[in-house]
Amino acid sequence: MFKFNKYNIADWFSFYRIFAVPFLLGLIWFGERQLFTWFLLVSYSTDAIDGFLARKLNIVSARGSQLDSVGDQITLVIGLIGLIVFETEFMKANYLLILLAFIPYVLQMIIAYVKYGKATAFHTYLAKTSAVLQGVFILWLLFFGPVYWLFYTMIIIGVLETIEEISLIYMYPHWVKDVKGIFWALKDDRRTASREGVHKNSK
C-alpha cells in the first residue's frame with residue numbers, strides 16, 4: 001500500500017517530475033509551447049532542489065536516488081517529445097546526431113534493467129554535467145532558438161557519459177548508488193564487496 005509518510009521532502013520533488021508528465025503531454029497536445037517550456041523549467045529545477053535537500057537534510061537514500069533517476073529519465077523524454085513537436089525542423093536537420101546520443105542512452109537503460117531490474121543511480125560527475133547541458137539546451141532552444149556549440153557539447157558529453165554508465169554497470173555486479181565516476185569506482189570497496197559476495201554465493 002502507498003504510504004505518504006514513507007517519503008521525505010526530497011522524494012516528493014522527484015515525484016513531481018513524474019506526476020507532471022500527463023500535464024506536460026497535455027500542453028504539447030494543445031500546442032501550448034510557452035506554458036510547456038515554463039513548466040518543463042520547473043521540472044528541471046526540482047532536479048536540483050531534491051538533490052540539494054537530500055544532502056542538506058541528510059536524507060540521502062537508495063530509494064531517493066532511484067526516484068531521482070526515474071524522474072530525470074522521464075523529464076528528458078518529455079523534453080525530447082516537446083522538441084519533436086515544437087522544433088520539428090531542428091530535429092529533422094539534426095536527427096542523426098540526436099540518435100547517436102539517444103540510442104546508446106536507451107541501450108544503457110535496457111542493460112541496467114536486465115542486470116539490476118531498475119534504472120542506475122550512479123549520479124556520476126559526467127551524468128550531472130550531461131543532465132545540466134541537456135536541460136539548458138532544451139530550454140534555450142524552446143525559449144530562444146538553437147545554439148549549436150551548446151548542442152554539439154551536449155551530444156559529446158552525453159555519449160561519453162553513456163559509455164561511462166555502461167562501463168560502471170559491468171563493473172558493479174549489484175546495484176549501488178552515487179558513484180562519482182570510473183576513477184572512483186576502481187577504488188570503491190562496494191565493487192570489491194559485491195564481487196566477493198557473488199563468488200561466495202556461487203560456491
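This report concerns the structure included in the present document. Source: prediction; values computed, not measured. Position labels on residues start from 1 in each chain and follow its written sequence. Under the rules for a predicted model, residues below a pLDDT of 70 receive no local features and side-chain atom pairs below 80 are neither given nor counted, while totals for whole chains, interfaces and linings still include all residues. Each side-chain value is worked out from all heavy atoms of the structure, with water and hydrogens disregarded.

**Comments concerning the nonpolar core**
Here, nonpolar core refers to any group of buried Ala, Val, Leu, Ile, Met, Phe, Trp, Tyr and Cys residues whose side-chain atoms link them within 4.5 Å. For every residue, the accessible area obtained with a 1.4 Å probe (protein chains only) is divided by the maximum for its type, and the residue is called buried under 20%, exposed over 50%, and partly exposed between those limits. Counting 31 residues, the largest nonpolar core has Phe36, Leu40, Phe137 and Ile138 as its most contacted members. Secondary structure follows DSSP: runs of H or I at least 4 residues long count as helices, runs of E at least 2 residues long count as strands, and numbering of each begins at the N terminus. Where this core is concerned, the elements lending two or more residues are α2 (21–29), α3 (33–56), α4 (62–86), α5 (88–93), α6 (95–116), α7 (125–143) and α8 (148–171). Of the residues forming this core, the biggest block, 6 residues, is contributed by α7. In this analysis, two residues are considered to be in contact whenever any of their non-hydrogen atoms come within 4.5 Å of each other. Setting aside chain neighbours within four positions, we find Phe137 in contact with Phe90, Val147, Leu150, Phe151 and Met154. Among the nonpolar cores identified, the runner-up in size contains 14 residues, and Ile111, Trp175, Val176 and Val179 belong to it.

**Things to note about the pattern of salt bridges**
Any two side chains of opposite charge can pair, on the condition that their charged atoms come close. Think of a salt bridge as a Lys or Arg side-chain nitrogen and an Asp or Glu carboxyl oxygen that are within 4 Å of each other. Counted under the stated rule, the structure contains 6 salt bridges. Here Arg17 makes a salt bridge to Asp68, at a shortest N to O gap of 2.8 Å. In this pair, Arg17 sits in helix α1 (residues 9–19) while Asp68 sits in helix α4, placing the two residues 51 residues apart along the sequence. Classification of Asp68 as buried rests on a relative accessible area of 11%. Its salt-bridge partner being Asp178, residue Lys177 comes within 3.3 Å of it at the nearest N-O pair. Relative accessible area serves as the criterion here: at 21%, Lys177 is assigned to the partly exposed category.

**Overview of the side chain of Thr124**
If you trace the backbone, Thr124 turns up in the loop between α6 and α7. Only 2.9 Å separates the side chain of Thr124 from the backbone nitrogen of Ala127, close enough to count as a polar contact. Apart from the residues lying within four places of it in its own chain, the contact partners of Thr124 are Glu164, Glu165, Leu168, Val179, Lys180 and Gly181. Throughout this description, a polar contact denotes any pair of N or O atoms lying within 3.5 Å of each other; where both atoms belong to protein, one of them has to be capable of donating a hydrogen while the other can accept it, and for residues adjacent in sequence the pair is counted only when both atoms sit in side chains.

**Focus: the packing of aromatic side chains**
Any Phe, Tyr or Trp ring, taking Trp's six-membered ring, that has another such ring centre within 6.5 Å forms a pair; planes under 30 degrees apart are called stacked, those over 60 apart edge-to-face, and the others tilted. Taken as a whole and assessed by the stated rule, the structure comprises 18 aromatic pairs. Aromatic pair Phe90 and Phe137: ring centres 5.7 Å apart, planes at 45°, arrangement tilted. Of this pair, Phe90 sits in helix α5 while Phe137 is found in helix α7, placing the two residues 47 residues apart along the sequence. Plain terms: the ring middles of Phe151 and Tyr152 are 5.6 Å apart, the flat faces sit at 50° to each other, and that makes the pair tilted. Residue classification places Phe151 among the buried positions, given a relative accessible area of 1%. Geometry around Trp175 places Lys118 over its ring, the cationic atom sitting 4.0 Å from the centre. Charge-over-ring contacts are defined here by two conditions on Lys NZ or Arg CZ: a distance within 6 Å of the ring centre and an angle within 35 degrees of the ring normal.

**What about the packing of α7 against α8?**
Across the interface, α7 lies against α8 with an axial gap of 9 Å and an inter-helix angle of 150°. Classified by the angle between their axes, α7 and α8 sit roughly antiparallel to one another. Here the hand of the crossing between α7 and α8 comes out left-handed. Residues Leu126, Ala127, Thr129, Ser130, Leu133, Gln134, Val136 and Phe137 of α7 form the contact with α8, whose participating residues are Leu150, Phe151, Thr153, Met154, Ile157, Gly158, Leu160, Glu161 and Glu164. Side-chain classes follow a simple rule in which Ala, Val, Leu, Ile, Met, Phe, Trp, Tyr, Cys and Pro form the nonpolar group, Asp, Glu, Lys and Arg form the charged group, and the remainder, Gly included, forms the polar group. Of the residues in the contact of α7 with α8, the class split is 10 nonpolar, 5 polar and 2 charged. Angles run from 0 to 180 degrees between N-to-C directions of axes, and those axes are lines fitted to C-alpha atoms, restricted for helices to the stretch in contact. Orientation labels follow simple angle bins: below 35 degrees gives roughly parallel, above 145 gives roughly antiparallel, 65 to 115 gives roughly perpendicular, and whatever is left gives oblique. Handedness of a crossing is defined here by the sense of rotation of the near helix relative to the far one, left-handed for an anticlockwise turn of less than a right angle and right-handed for a clockwise turn.

**Observations regarding unusual backbone geometry**
In this model, His123 sits at a positive phi of 50°, which is unusual for a non-glycine residue. When you line up the elements, His123 lands in the loop between α6 and α7. In this model, Asp178 sits at a positive phi of 60°, which is unusual for a non-glycine residue.

**Regarding the packing of α4 against α6**
Two elements in contact, α4 and α6, have axes whose closest approach is 13 Å; the angle formed by their N-to-C orientations is 150°. Judged on the interaxial angle alone, α6 and α4 are roughly antiparallel. In the crossing of α4 with α6, the sense of the turn from one axis to the other is left-handed. Residues Gln73, Leu76 and Leu80 of α4 lie in contact with α6, whose contacting residues are Phe102, Tyr105, Met109 and Tyr113. Broken down by class, the residue content of the contact of α4 with α6 amounts to 6 nonpolar, 1 polar and no charged.

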